[in-house]
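The primary structure of each chain is shown beneath.
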There are 4 protein chains.
Amino acid sequence: MAKGKVCLAYSGGLDTSCILKYLIEEGYEVVCFMADVGQEEDFEAAREKALKCGALKCEIVDIRREFIEELCFPAIACNAVYENVYLLGTSLARPVIARAQIAVAQREGCFAVSHGCTGKGNDQVRFELAFYALQPNIKVIAPWRDPVFYERFAGRNDLLAYAAEKGIPVTSTKSKPWSMDENLAHCSYELTQDPLSAPDQPEDFTIYFEKGIPVKLEFTENGQKKSVTDSVDVFLTANAIARRNGVGRIDIVENRFIGIKSRGCYETPGLTCLRAAHIDLEGLVMDREVRALRDSFVTFNYSKLLYNGMYFSPEREFLESSITASQKSVNGQVRCRAYKGSVSVLGRSSETEKLYDMTESSMDEIGDFSPAETTGFINVSAIRLKKYGQMKAAAGEKL
Amino acid sequence: MAKGKVCLAYSGGLDTSCILKYLIEEGYEVVCFMADVGQEEDFEAAREKALKCGALKCEIVDIRREFIEELCFPAIACNAVYENVYLLGTSLARPVIARAQIAVAQREGCFAVSHGCTGKGNDQVRFELAFYALQPNIKVIAPWRDPVFYERFAGRNDLLAYAAEKGIPVTSTKSKPWSMDENLAHCSYELTQDPLSAPDQPEDFTIYFEKGIPVKLEFTENGQKKSVTDSVDVFLTANAIARRNGVGRIDIVENRFIGIKSRGCYETPGLTCLRAAHIDLEGLVMDREVRALRDSFVTFNYSKLLYNGMYFSPEREFLESSITASQKSVNGQVRCRAYKGSVSVLGRSSETEKLYDMTESSMDEIGDFSPAETTGFINVSAIRLKKYGQMKAAAGEKL
Amino acid sequence: MAKGKVCLAYSGGLDTSCILKYLIEEGYEVVCFMADVGQEEDFEAAREKALKCGALKCEIVDIRREFIEELCFPAIACNAVYENVYLLGTSLARPVIARAQIAVAQREGCFAVSHGCTGKGNDQVRFELAFYALQPNIKVIAPWRDPVFYERFAGRNDLLAYAAEKGIPVTSTKSKPWSMDENLAHCSYELTQDPLSAPDQPEDFTIYFEKGIPVKLEFTENGQKKSVTDSVDVFLTANAIARRNGVGRIDIVENRFIGIKSRGCYETPGLTCLRAAHIDLEGLVMDREVRALRDSFVTFNYSKLLYNGMYFSPEREFLESSITASQKSVNGQVRCRAYKGSVSVLGRSSETEKLYDMTESSMDEIGDFSPAETTGFINVSAIRLKKYGQMKAAAGEKL
Amino acid sequence: MAKGKVCLAYSGGLDTSCILKYLIEEGYEVVCFMADVGQEEDFEAAREKALKCGALKCEIVDIRREFIEELCFPAIACNAVYENVYLLGTSLARPVIARAQIAVAQREGCFAVSHGCTGKGNDQVRFELAFYALQPNIKVIAPWRDPVFYERFAGRNDLLAYAAEKGIPVTSTKSKPWSMDENLAHCSYELTQDPLSAPDQPEDFTIYFEKGIPVKLEFTENGQKKSVTDSVDVFLTANAIARRNGVGRIDIVENRFIGIKSRGCYETPGLTCLRAAHIDLEGLVMDREVRALRDSFVTFNYSKLLYNGMYFSPEREFLESSITASQKSVNGQVRCRAYKGSVSVLGRSSETEKLYDMTESSMDEIGDFSPAETTGFINVSAIRLKKYGQMKAAAGEKL
């Protein structure tokens, strides 16, 4: 007799196919779930495989738009980055995948959800923390943390043997083992164009922002000026441009949430361009102190919570209100260039924001304050430092 | 009768030559001071010009080594950056220049120092705050903030006319007006190789760090492996490699200390490479929490104080002790590639630090903790989030 | 002929009466302005004096409610405190006073505003930064920074002589010199009950909060239970209770914005109680991570900007949105006790927020997580620390 | 046959006596360990009881001095506080207790350590994280997280029955159940003098600091001036004064590390006074910006890591270097008054530090800067705010 229904996050690969079979053998009924977050996948082939392995059904849900609008865009709006370099590509997709999986689980009457994440990684944490926030009484079946399972399947060969025995078709190959991580924003080990073989001509394009969100991308295709405004199109176009110019690859050692270091090679082509343009525009339109507060507080903490899987949390709600408040004036456009592995900014402008005035900062012009006043500014700022200098001198210490 | 001796920061250009003449006419005796921070300058020609204009003497002081070791290296060690992109090239040189100028002023018995900085910029603030900390009772003569001076010399033409009248040779040209900003680490508007015309072959090199400081650079010249270890050589070599590959150019709008925005085009070739390598190495060898604390606190604040000219201050002493404390384990080497405008990291290793263990993070290996334990970690981490989910559900709000 | 109209912040005291006369003698027409922020003042007597000294008129504006609701309440909501102890009593009133003064200046057609703040204090900065934000083209006349004025009136005796000469009635006395600082929230040197002579019986009361704002205060008067709900009444009642029990006095050395240290003796009776109750309630109803982020970021920075006079600024708008976002769940009531100089919390409860569950944290009960799971939590948290211990041991360093 | 030796943290109470017996029955040899951190305890009686229950030996280690010098003093030096009110009394003792227990375990050849902490609290985490850092391969036996144990002993009655059956003397009573938490700095539920019945006369005393550390306490006893300078004496004297005046009690709801809220009634008498005096002295002797950086960064994070049991960690080493760097100038003395439940500061002075100069901040004196210069300071500071005001006006928004 069946123990109940489980909703399994299914990828079509060897691991989750074996888990699917294993769960069925353990007496569960299994509904497979696949999230379309823009990865290159033959979803129909995967669905067929799931059904062939004994799944009750296989639900494929397109969550690309919510992924871009709810996760990628706020990340751009606060210049999110983990440990100075990692643009959080994997982390960004996890919350929307978890939410879609819980929705399927609820619709299908599942008492539990399951996934194929390993027991040492970040993704198990991200998925499960999201599951528990979204449905606090959900049960989670994590075979790779179950000794019965992981001792039986101690290596890939055990999985292959099991697949052979159970008639599970094997399509996973050495050359593309980590497909699960792939999404619109990001892939791991799934390489873009190598900068060395990228086109010899640079590619220029212009990104328009409203309240810190990319709303239009202008580019040139076959000599024709084109533009896209739909959020998914903007993101995919930025991806395409960046990808063909080899932009957005990194190779890093990062600190996982559970406290170990791991090496990763990531690609985040479009996000790299959109974030660079956003940072640049803020220079033109954002108040200095708002920027300083946001930089020293929001960016770091929002990035950290995304990385650690704390998206569905009170602190994310709290920080997101800060992001919104910081972006009121981030309106304007940035001209960018992708070339041989990097993106650079060519210029920026804003029709609505007026914080920058070329004549004001120029060397020859005198604006509405007199240069003589700066003397007072400096002298007052120096009061504290003079005292410091006096103390150092009194103590015989050199500066 | 002379009003006393003034030590003038002299560049050899039109502005400071006119100021020199003007100060003499006002009754001061003037000792000119030039700091060699690595800018391309014909120092001897400038000295001659100063003397010809009536300077008592012209002291040229080579402070390249202290500039690199005392300013650039701590900046690398804490990944200093202002407003996400600016590597602080100009700001870094100001403290050592001010210190050398005060030393000359003291040696020559000057009661005042003078400079040619304009009344709207950052440099006047940086120089003068440093002067006042170094010698609290020093007098500062800032002609560009003196209405008598700036009203008389309202534009470049007035300066040119004055120079002609006084027989001051004019060498400044439109094409190189901002030479004053130039230093080893940095130039403004003084361009490196354009990425588009940079070499088609990438250039690889390896930087070695000890306690966060670059101590060796290995590179290839004419097919020969070479290496440099002297701090000045390391810096100059990094500069040369980066420069010929077009690395380190930015075009930004920044927020000045006095509260206006200004646009700048900067180049910081070597520093860009050294900083990128340093950030990468920290991934391998630095504890996660030390890094998080340093990132969220030291980097931002150290960069801000450098930008605002607060180098000789209690807070710099305080923060610098944090930098030192954070870098104990930053020992190792990073292989880098400069290519067509950007630098990327190819790999890194450390012989002494052992925080990263490839097998530990691998998917197949089970280390000294059991994957089953992660379940407890996740479930305890979820306690707070489940409560959040319950409250949201009770309030009828969707996550 | 008159030089134009000036709106002078008038206190009725010696200084501003002399300034009033002086401005008139200098050829200005002067409209006096007095803000009622709850200080004990005979406003009518002051008005008469102003008119007698030659003011065109004297406008008295009651801004107590906006002072409490727009300034004091947000300060309570974010637990504002400067340098660990100072509750910002003076700073809080400055923005609303400045705004009311600018409104009078605009209504009366004044081209300038004037005040009697000294040239070394914080208040000149706070007033003027507010003036300039509220009306960027306003002119400010600050006699105590004008050498002509301050050299003429080098000491109190000069003012007294001038007053005698001009027939200005003198009421200021040595014993109450700083009345200008007084407001509802705060007085300097204007003492409450000495704790030593405060009542021997404690006084208990209960404060109710909604979204972090005090909305009701229950107390006992002559054995009768009473309660107030109007914001001004709540504040004044808290003040009265605290004042008679000697609560809220401090004697500190603080760091002024201009960089000097000064000593102050302040009283902030009601605010001390309301803030203590608010902090306590947050323990019961606020999420840990939201609190941690708010504590480490908003409280410090909001307090600092209030102190430095940056209220009308982009960063205040930004931070205030964070305060609001943080206070959604701060609903409940706190029982307090004022006694002999201090306030303590007796207990707290909330009818709407359910984060605290007595059984959950009790020693004997097992909730919905198994204690065994904490083992996994600890072991995973220890991964990084074990590595640290191993490295220390390898290096022969003791912990 | 014995399974090996275990070092048990023994309190002499019911819980750990039952655990001792239980471990012996399970086949372990048990060495009991008691840390003297200043709690009121009959150590000899407890030792006898341990031996009677079958312990191999019972080691009692006096760690009061290291507790005060290594933990309490740094906490004072950085004004440590958790969630605005809790002075971390329990947390402070845990690291030194864990270190002493590991030392005993190593000396006695134990393969494991054990404790009686419950499975929902902070202390299990604090002890075990310390154990693992101090000896990464140590085994931990935590009976209250072992289902076999906690299901057998589901309530106090089960423990009492087991004690009766095994002949364990029972001394724990309802009135003093939490003795384990007690230490020199702190007790939970173990009350000091009630403020209402504290002496009617205030008690004044003076604390001297060197580099932020209390080095002398002067007080009056029976009309005689006395002073103590030994660190333990200073701490105990501060405790005694504060305790008899009812200083240092709080009743709070706090957020535990594992994510639940719990209520605690704590007393931290001496630490409350020493910390208040330290904060006050910093006003006199510490640079404003160093203080601001320390306040916004070190205090919060050091407190948090203490609370969460991360004392033996890279981040504690890192932060402690910041504490030391911040305290160089914290030299001087503070006169304090304890009275009826609170401590207040009467005054402070420093013979070595000269940052405060009474005449400098006074209203009548003109120091070495001209008040007119403040005009420039304000006008430059206003540049950004005027722009803000203009934008608001242009947008039709009121300030």
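Residues numbered from 1 in each chain as written. Chains lettered and ligands numbered in written order. Predicted model: local features only at pLDDT ≥ 70, side-chain atom pairs only at ≥ 80, totals over all residues. Heavy atoms only, no water.

- You'll find chain A entered in an unreviewed UniProt entry as Argininosuccinate synthase, with Penicillium argentinense given as the organism.
- Chain A has a UniProt comment under Sequence similarities (unreviewed entry) that states "Belongs to the argininosuccinate synthase family. Type 1 subfamily."
- A UniProt comment under Subunit (unreviewed entry) is attached to chain A, and it reads "Homotetramer." (UniProt positions renumbered as here; feature names shortened; annotations may be inferred.)

**Brief notes about the interface of chain A and chain B**
Stage number 1. Across the boundary between the two partners, chain A contributes 96 residues, which contact 96 residues of chain B.
Stage number 2. It is Lys120(A), Lys261(A) and Arg288(A) in chain A that bury the most area against chain B; as a group they hold 9% of the surface buried on that side.
Stage number 3. In this assembly, chain A and chain B are joined by 6 salt bridges.
Stage number 4. Taking the shortest distance from any N to any O, the salt bridge between Arg384(A) and Glu315(B) comes out at 2.8 Å.
Stage number 5. The interface formed by chain A and chain B holds 32 residue pairs in polar contact (both at pLDDT 80 or more) in total. (Contact = heavy atoms within 4.5 Å. Buried area = accessible area lost by both parts, 1.4 Å probe. Salt bridge = Lys/Arg side-chain N within 4 Å of Asp/Glu carboxyl O. Polar contact = N/O pair within 3.5 Å; in protein donor to acceptor, adjacent residues only side chain to side chain.)

**Details of the relation of the copies chain A and chain B**
Stage number 1. Structural alignment of chain A on chain B gives an RMSD of 0.0 Å, achieved by rotating through 180 degrees and translating 0.0 Å along the axis. Here the copies are linked by what is in effect a two-fold axis. (Least-squares fit on C-alpha atoms with pLDDT ≥ 70 in both.)

**Concerning the side chain of Glu315(D)**
Stage number 1. Here Glu315(D) lies in helix H11 (residues 314-326).
Stage number 2. In this structure Glu315(D) touches Asp287(B), Glu289(B), Val290(B), Leu293(B), Arg384(C), Leu305(D) and Met310(D), once residues within four positions along its chain are discounted. (Helix = DSSP H or I, 4+ residues; strand = E, 2+ residues; numbered from the N terminus.)

**A word on the packing of aromatic side chains**
Residues and elements named next belong to chain A.
Stage number 1. This structure, assessed with the given rule, holds 52 aromatic pairs over all chains.
Stage number 2. Measuring from ring centre to ring centre gives 6.2 Å for Tyr 28 and Phe 111, while their planes differ by 25 degrees; the resulting arrangement is stacked. Here Phe 111 lies in the loop between helix H4 (89-107) and strand S4 (112-114) and Tyr 28 lies in strand S2 (residues 28-36), a separation of 83 residues in the sequence.
Stage number 3. Using a relative accessible area of 17% as the deciding quantity, one classes Tyr 28 as buried.
Stage number 4. In this structure Phe 111 comes out as partly exposed when scored by relative accessible area, which is 35%.
Stage number 5. Summarising the aromatic geometry, the rings of Tyr 311 and Phe 312 are spaced 5.0 Å apart at their centres and angled 85 degrees between planes, so their arrangement reads as edge-to-face.
Stage number 6. Members of the aromatic cluster, connected to one another through ring pairs, are Tyr 22, Trp 144, Phe 149, Phe 153 and Tyr 162.
Stage number 7. In this structure, Arg 316 packs its charged tip against the face of Tyr 311, placed 4.0 Å from the ring centre. (Phe/Tyr/Trp six-rings, centres within 6.5 Å; stacked < 30°, edge-to-face > 60°. Buried < 20%, exposed > 50% of the residue type's maximum accessible area, 1.4 Å probe, protein only. Lys NZ or Arg CZ within 6 Å of the ring centre and 35° of its normal.)

**A word on the relation of the copies chain D and chain B**
Stage number 1. Expressed as a screw operation, the relation of chain D to chain B combines 0.0 Å of axial shift with a rotation of 180 degrees, fitting to an RMSD of 0.0 Å.
Stage number 2. Take the interface residues of chain D: 100% of them recur as interface residues in chain B, which is what a same-surface contact looks like.

**Some points on the domain arrangement of chain A**
Residues and elements named next belong to chain A.
Stage number 1. According to the domain assignment, chain A consists of domain 1 (4-64 + 91-180) and domain 2 (187-349).
Stage number 2. Contacts between domain 1 and domain 2 engage 16 residues on the former and 16 residues on the latter.
Stage number 3. Taking both partners together, domain 1 and domain 2 bury about 1400 Å²; carbon and sulfur atoms supply 68% of that area.
Stage number 4. The interface formed by domain 1 and domain 2 holds 0 salt bridges in total.
Stage number 5. At the boundary of domain 1 with domain 2, the tally comes to 4 residue pairs in polar contact (both at pLDDT 80 or more).
Stage number 6. Counting only elements with at least two residues in the side of domain 1 that touches domain 2, the list comes to H4 and helix H5 (123-134).
Stage number 7. Top contributing element to the side of domain 1 that touches domain 2 by residue count: H5, with 6 residues. (Domains from an automatic or database assignment.)

**Quick look at the packing of helix H13 (residues 371-394) of chain C against H11(D)**
Stage number 1. At their nearest, the axes of H13(C) and H11(D) sit 9 Å apart, and the two run at 70 degrees to each other. Comparing the axis directions of H13(C) and H11(D) gives the class roughly perpendicular. Packed against H13(C), whose contacting residues are Arg384(C), Leu385(C), Tyr388(C) and Lys392(C), the element H11(D) presents Pro314(D), Glu315(D) and Glu317(D) at the interface.
Stage number 2. Its residues placed into classes, the contact of H13(C) with H11(D) shows 3 nonpolar, no polar and 4 charged. (Axes fitted to C-alpha atoms, helices over the stretch in contact; angles between N-to-C directions. Parallel < 35°, antiparallel > 145°, perpendicular 65-115°, else oblique. Nonpolar A, V, L, I, M, F, W, Y, C, P; charged D, E, K, R; others polar.)

**A short note on the sheet that holds strand S8 (residues 213-221) of chain A**
Residue and element names in this part refer to chain A.
Stage number 1. The strand order across the open sheet formed by 5 strands is S9-S8-S7-S12-S13, and the pairing between neighbours is antiparallel. Since the sheet does not close on itself, it has two edges, and those belong to strand S9 (224-228) and strand S13 (342-349), each with one partner. Neighbouring strand axes in the sheet, compared pairwise and without regard to direction, differ in orientation by 25 degrees on average.
Stage number 2. Bridge count between S8 and S9: 5 bridges; the pairing is antiparallel. Bridging across to S9, Phe 219 finds its partner in Lys 226.
Stage number 3. Packed on one face of the sheet, helix H8 (residues 231-244) meets strand S7 (203-210), S8, S9 and strand S12 (332-339) and runs near 50 degrees to S8. (Pairing = 2+ DSSP bridges.)

**Concerning the packing of helix H11 (residues 314-326) of chain A against helix H11 (residues 314-326) of chain C**
Stage number 1. For the pair H11(A) and H11(C), the least separation of the axes is 9 Å and the interaxial angle reads 155 degrees. What the angle tells us is that H11(A) and H11(C) run roughly antiparallel. Considering the relative orientation of H11(A) and H11(C), their crossing is right-handed. Between H11(A), through Phe318(A), Ser321(A), Ser322(A), Ala325(A) and Ser326(A), and H11(C), the contact on the second element is made entirely by Phe318(C), Ser321(C), Ser322(C), Ala325(C) and Ser326(C). (Left-handed = near helix turned anticlockwise from the far one by under 90°.)

**Concerning the environment of Val170(B)**
Residues and elements named next belong to chain B.
Stage number 1. Mapped onto the elements of the fold, Val 170 is located in the loop between helix H7 (156-166) and strand S6 (187-188).
Stage number 2. The partly exposed category is assigned to Val 170, whose relative accessible area is 41%.
Stage number 3. For the pair Val 170 and Leu 88, spaced 82 residues apart in sequence, the C-alpha to C-alpha distance is 30 Å.
Stage number 4. In this view, Val 170 contacts Leu 14, Leu 160 and Ala 163; residues no more than four positions away in its chain are not counted.

**Topic: the pairing of strand S11 (residues 261-267) of chain A**
Residues and elements named next belong to chain A.
Stage number 1. Counting buried positions along S11 gives 6 out of 7 residues, so the element sits mostly inside the fold.
Stage number 2. Two elements, strand S10 (residues 249-255) and S11, share 7 bridges in a ladder whose sense is antiparallel. By the bridge assignment, Glu 254 is partnered in S11 with Ser 262.
Stage number 3. From the end of S10 to the start of S11, which pair antiparallel, there are 5 residues, and Gly 259 there has a positive phi angle of about 105 degrees.

**Side note on the nonpolar core**
Stage number 1. Membership of the largest hydrophobic core comes to 399 residues, with the highest contact counts inside it found for Phe67(A), Phe67(B), Phe67(C) and Phe67(D).
Stage number 2. In contact with Phe67(B), other than residues within four places in its own chain, are Val37(B), Cys72(B), Leu92(B), Ala93(B), Val96(B), Asn183(B), Leu184(B) and Ala185(B). (Core = buried A, V, L, I, M, F, W, Y, C linked by side-chain atoms within 4.5 Å.)

**Observations regarding the pattern of salt bridges**
Stage number 1. Summed over the entire model, instances satisfying the criterion amount to 133 salt bridges over all chains.
Stage number 2. The partner of Asp123(A) in a salt bridge is Arg94(A), with the nearest N and O atoms 2.9 Å apart. Here Asp123(A) is found in helix H5, whereas its partner Arg94(A) is found in helix H4, with 29 residues between them in sequence. For the residue pair Asp123(A) and Arg94(A), the accessibility class agrees, reading buried in each case.
Stage number 3. In this structure, Lys166(B) engages Glu25(B) in a salt bridge whose closest nitrogen and oxygen atoms are separated by 2.5 Å. Separated by 141 residues along the polypeptide, Lys166(B) in helix H7 and Glu25(B) in helix H1 (residues 14-25) bring together distant segments of the chain.
Stage number 4. Given the relative accessible area of 25%, Lys166(B) is considered partly exposed.
Stage number 5. What emerges from the salt-bridge pattern is a single network uniting Lys57(A), Glu59(A), Arg107(A) and Glu108(A).

**Here we look at H11(C)**
Residue and element names in this part refer to chain C.
Stage number 1. In a regular helix each residue adds 1.5 Å, so 13 residues correspond to 18 Å; H11 covers 19 Å between its end C-alpha atoms and thus fits that length.
Stage number 2. Taken across its 13 residues, H11 has 10 buried, putting it largely inside the fold.
Stage number 3. Residues of H11 that are buried: Pro 314, Glu 315, Arg 316, Phe 318, Leu 319, Glu 320, Ser 322, Ile 323, Ala 325 and Ser 326. (Expected span 1.5 Å × (residues − 1).)

**Brief notes about the interface of chain D and chain B**
Stage number 1. Contact residues are listed per partner, giving 24 residues for chain D and 24 residues for chain B.
Stage number 2. Summed over both partners, the interface of chain D with chain B comes to about 1900 Å²; 74% of that surface belongs to carbon and sulfur atoms.
Stage number 3. It is Leu293(D), Phe297(D) and Phe318(D) in chain D that bury the most area against chain B; as a group they hold 31% of the surface buried on that side.
Stage number 4. If you look at where chain D meets chain B, you find 2 salt bridges.
Stage number 5. A salt bridge links Glu317(B) to Lys328(D); the shortest N-O distance between them is 2.7 Å.

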